[in-house]
Amino acid sequence: MFLCGDVMLGRGVDQILPHAGDPALREAYVGDAGGYVALAERRGGPIPRPVDFSWPWGDSLDVLDEVAPDLRIVNLETSVTRSDDFVPGKAVHYRMHPENLPCLSAVRPDACALANNHVLDFGRRGLQETLDALTDAGLQAAGAGRDLASAQRPAVVTMGEGRRVLVFSVGTESGGIPSGWAATEGRHGVALVPGLSASSAAEITDRVRRLRRPGDLVVVSIHWGSNWGYDVPRHQIRFAHRLIDGGVDAVHGHSSHHPRPIEVYKDRPILYGCGDFIDDYEGITGYEEYRVDLRLLYFVQMEAETGKLAGLRMVPMQTRQMRLRHAVPEDTQWLRDVLSRESRRFGSRVDLDRDGVLTLARREER
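Counting from 1, residues in each chain are numbered in the order their sequence is written. In keeping with the predicted nature of the model, local features appear solely for residues at pLDDT of at least 70, side-chain atom pairs appear and are counted solely at 80 or more, and the whole-chain, interface and lining totals rest on all residues. To obtain the side-chain values, all non-hydrogen atoms of the structure were used and water was disregarded.

1. Observations regarding the pairing of strand 9 (residues 164–171)
Of all eight residues in strand 9, eight are buried, a share of seventy percent or more. Burial here depends on accessible area, computed with a 1.4 Å probe over protein chains only, as a share of the maximum for the residue type. Under 20% is buried, over 50% is exposed, and the range in between is partly exposed. The secondary structure listing takes helices from DSSP runs of H or I that are at least 4 residues long and strands from runs of E that are at least 2 residues long, numbered from the N terminus. Burial along strand 9 is two-sided: Arg-164, Leu-166, Phe-168 and Val-170 and Val-165, Val-167, Ser-169 and Gly-171, pointing in opposite directions, are all buried. Note that strand 8 (residues 155–158) and strand 9 share four bridges and pair antiparallel. What sits directly across from Val-156, in strand 9, is Leu-166. Looking at chain direction, strand 9 and strand 11 (residues 217–223) are connected through seven bridges and run parallel. Its bridge partner lying in strand 11, Ser-169 is registered against Ser-221. Pairing between strands requires that DSSP locate at least two bridges from one strand to the other.

2. Things to note about the environment of Val-87
Within the secondary structure, Val-87 sits in the loop between strand 3 (79–80) and strand 4 (95–96). On the accessibility criterion, Val-87 (17% relative accessible area) is buried. For the pair Val-87 and Asp-249, spaced 162 residues apart in the sequence, the C-alpha separation amounts to 35 Å. Should any heavy atoms of two residues lie within 4.5 Å, those residues are considered in contact. Beyond its immediate chain neighbours, meaning those up to four positions away, Val-87 contacts His-93, Leu-120, Asp-121, Phe-122, Gly-123 and Trp-181.

3. Topic: helix 3 (residues 60–67)
All of the buried residues in helix 3 are Ser-60, Leu-61, Val-63 and Leu-64. Seen along its axis, helix 3 keeps its buried residues to an arc of 160°; they face one direction. Within helix 3, the exposed residues directed more than 90 degrees away from the buried face are Asp-62 and Glu-66. After helix 3 finishes, the residue Ala-68 shows a positive phi value of roughly 50°. It is the directions from the helix axis to the C-beta atoms that the arc portrays.

4. As for the pattern of salt bridges
Salt bridges are identified by distance alone: a Lys or Arg side-chain nitrogen within 4 Å of an Asp or Glu carboxyl oxygen. As enumerated under the stated definition, the model contains 28 salt bridges in all. Arg-125 is the partner of Asp-85 in a salt bridge, and the nearest nitrogen-oxygen pair spans 3.0 Å. Residue Asp-85 is found in the loop between strand 3 and strand 4, and its partner Arg-125 is found in helix 5 (residues 123–136); the two are separated by 40 residues along the sequence. Classification of Asp-85 by relative accessible area gives partly exposed; the value is 35%. Through salt bridges with shared partners, a single network forms among Arg-336, Asp-337, Arg-349 and Asp-351.

5. As for the packing of helix 7 (residues 198–211) against helix 8 (residues 234–245)
Axis separation between helix 7 and helix 8 bottoms out at 9 Å; the angle between their running directions is 30°. With respect to their mutual orientation, helix 7 and helix 8 come out roughly parallel. Judged by the sense of rotation from one axis to the other, the crossing of helix 7 with helix 8 is right-handed. Between helix 7 and helix 8, the residues in contact are Ala-198, Ser-200, Ala-201, Ile-204 and Thr-205 and Phe-239, Arg-242 and Leu-243, respectively. Here the contact of helix 7 with helix 8 is composed, by residue class, of five nonpolar, two polar and one charged. Axis geometry follows a simple rule: fit a line to the C-alpha atoms, using only the stretch in contact for helices, then measure angles between N-to-C directions, giving values from 0 to 180 degrees. Oblique is the label for any angle not under 35 degrees, not over 145, and not in the 65 to 115 range, which are roughly parallel, roughly antiparallel and roughly perpendicular in turn. By convention the crossing between two helices is left-handed if the near helix lies anticlockwise of the far one by an angle smaller than a right angle, and right-handed if it lies clockwise. Following the grouping adopted for this structure description, the nonpolar residues are Ala, Val, Leu, Ile, Met, Phe, Trp, Tyr, Cys and Pro, the charged ones are Asp, Glu, Lys and Arg, and the polar ones are all others, Gly among them.

6. Looking at the packing of aromatic side chains
Any two rings among Phe, Tyr and Trp, with Trp reduced to its six-membered ring, count as a pair given centres within 6.5 Å; such a pair is stacked if its planes are under 30 degrees apart, edge-to-face if over 60, and tilted if neither. For the structure on display, the rule yields ten aromatic pairs. Both rings, one in Tyr-287 and one in Tyr-290, keep their centres 6.4 Å apart while their planes meet at 35°; by these two values the pair is tilted. Joined through ring pairs, the aromatic side chains of Phe-2, Trp-57, Phe-277 and Phe-299 make up one cluster. The rule is short: NZ of Lys or CZ of Arg within 6 Å of the ring centre and within 35 degrees of the ring normal puts a charge over the ring. Lying across the ring of Tyr-36, Arg-11 places its NZ or CZ 3.7 Å from the centre. The side chain of Arg-291 reaches across the aromatic face of Trp-334, ending 6.0 Å from its centre.

7. Topic: unusual backbone geometry
The linkage connecting Arg-49 with the following residue, Pro-50, adopts the cis geometry, with an omega of -5°. Position of Pro-50 relative to the elements: it lies in the loop between helix 2 (34–44) and helix 3. Even without glycine at this site, Arg-108 takes up a positive phi of about 55°. Phi at Asp-267 is positive, roughly 65°, even though this residue is not glycine. Assignment of secondary structure puts Asp-267 in the loop between strand 13 (262–265) and strand 14 (268–271).

8. A short note on the side chain of Thr-205
Note on placement: Thr-205 falls in helix 7. Here a polar contact is taken to be a pair of N or O atoms separated by no more than 3.5 Å, where protein atoms must pair a possible hydrogen donor with a possible acceptor and residues adjacent in sequence count only if both atoms sit in side chains. A distance of 3.2 Å separates a polar side-chain atom of Thr-205 from the backbone oxygen of Ala-202. The residues contacting Thr-205, other than those within four sequence positions of it, are Arg-242, Leu-243 and Gly-246.

9. A look at the sheet that holds strand 12 (residues 250–254)
Pairing is mixed across the open sheet formed by six strands, whose spatial order is 8-9-11-12-14-13. Looking at the sheet topology across the chains shown, the edges are occupied by strand 8 and strand 13. Across the sheet, the mean angle from the axis of one strand to that of its neighbour is 20°, orientation sign disregarded. Where strand 13 lies against strand 14, four bridges are found, and the strand directions are antiparallel. In the sheet register, Ile-262 faces strand 14, and the bridge partner there is Leu-271.

10. Some remarks on the pairing of strand 17 (residues 309–320)
Alignment of strand 16 (residues 294–302) against strand 17, held across nine bridges, turns out to be antiparallel. Residue pairing across strands places Phe-299 opposite Arg-313, the latter belonging to strand 17. Linking strand 16 to strand 17, which pair antiparallel, is a turn of six residues; within it Gly-307 sits at a positive phi near 80°. Sheet topology note: the strand 17/strand 18 (residues 323–326) ladder contains four bridges and is antiparallel. Bridged to Arg-320 within strand 18 is Arg-323. The turn joining strand 17 and strand 18, which pair antiparallel and follow one another in sequence, is formed by two residues; a positive phi near 60° is taken by Gln-321.

Structure, rendered in structure tokens:
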């Protein structure tokens with residue numbers, strides 16, 4: 001199973017693709033999305049325009065072809081729309097022109113998580129267009145919909161021998177999602193979790209029990225927490241544990257701009273934050289200590305019969321010229337040191353293999 005952090009194909013990334021949309025922004029410091037392209041070029045060098053649809057993924061596509069995972073899950077943190085309905089009160093808006101959707105298709109996602117803080121940046125009309133564009137492209141989505149039932153419905157990926165993986169997508173206000181974005185019985189929106197409480201976890205796991213069949217695996221993709229820092233609050237840990245206690249096989253966390261700790265609980269993986277994967281942040285300064293230019297492809301191997309974790313390998317990348325490239329050894333070692341240090345309190349250790357891949361080396365019960 002391939003997992004990654006936030007895939008943000010709007011704003012500057014959209015501008016270098018073949019069908020650049022309206023570059024107008026309503027940000028305090030940048031009024032044109034092309035400004036983010038200029039910042040990236042100032043740091044990494046000229047970017048040809050237009051690039052082909054595979055450009056932002058760069059070397060990661062070769063890695064995916066080599067590993068050939070059975071399942072690919074991404075958090076699509078971009079509205080796919082022509083709408084100019086900028087949602088008021090937000091500092092940042094992400095939109096991608098629908099004709100640039102082949103860029104997303106290039107990575108061949110089996111499921112796109114949508115319960116995040118940018119999918120409604122251009123209102124409910126923009127969300128409707130996003131849902132229609134994904135459907136027309138043959139891409140499954142979860143976490144947002146035309147009403148509460150559709151927003152809560154998981155993506156169902158059929159594997160070999162009739163096996164299925166159910167991918168649920170949920171989001172929280174701590175991940176920047178406005179409370180007014182919650183889907184209701186009669187309103188478009190996202191599957192918003194009203195606080196990381198025992199009752200909220202039970203509501204999700206009750207849905208899991210109703211929908212899963214014998215042999216199914218279940219992933220909950222959750223947008224939560226702050227953008228920066230390695231601390232994982234106790235309420236997030238308790239919530240993740242409750243999900244697994246209730247039958248979830250993997251917790252795919254995202255929202256932070258950099259990777260966060262990894263835990264194995266009852267032989268199930270919890271990725272508290274996968275960091276960014278595709279974005280236009282390359283030339284933005286500040287928070288350099290977190291090395292936001294470094295990205296990870298997570299490959300989670302699970303036992304089909306039991307759902308237990310069999311292995312976790314992570315391939316380091318670096319973004320340059322808005323394109324993912326293999327990280328150099330020094331940067332890979334930096335990632336290893338940070339992840340191992342921050343995951344130690346969860347009983348996890350990360351090792352660096354000779355092939356430059358990071359591996360979860362030890363799993364202890366908590």
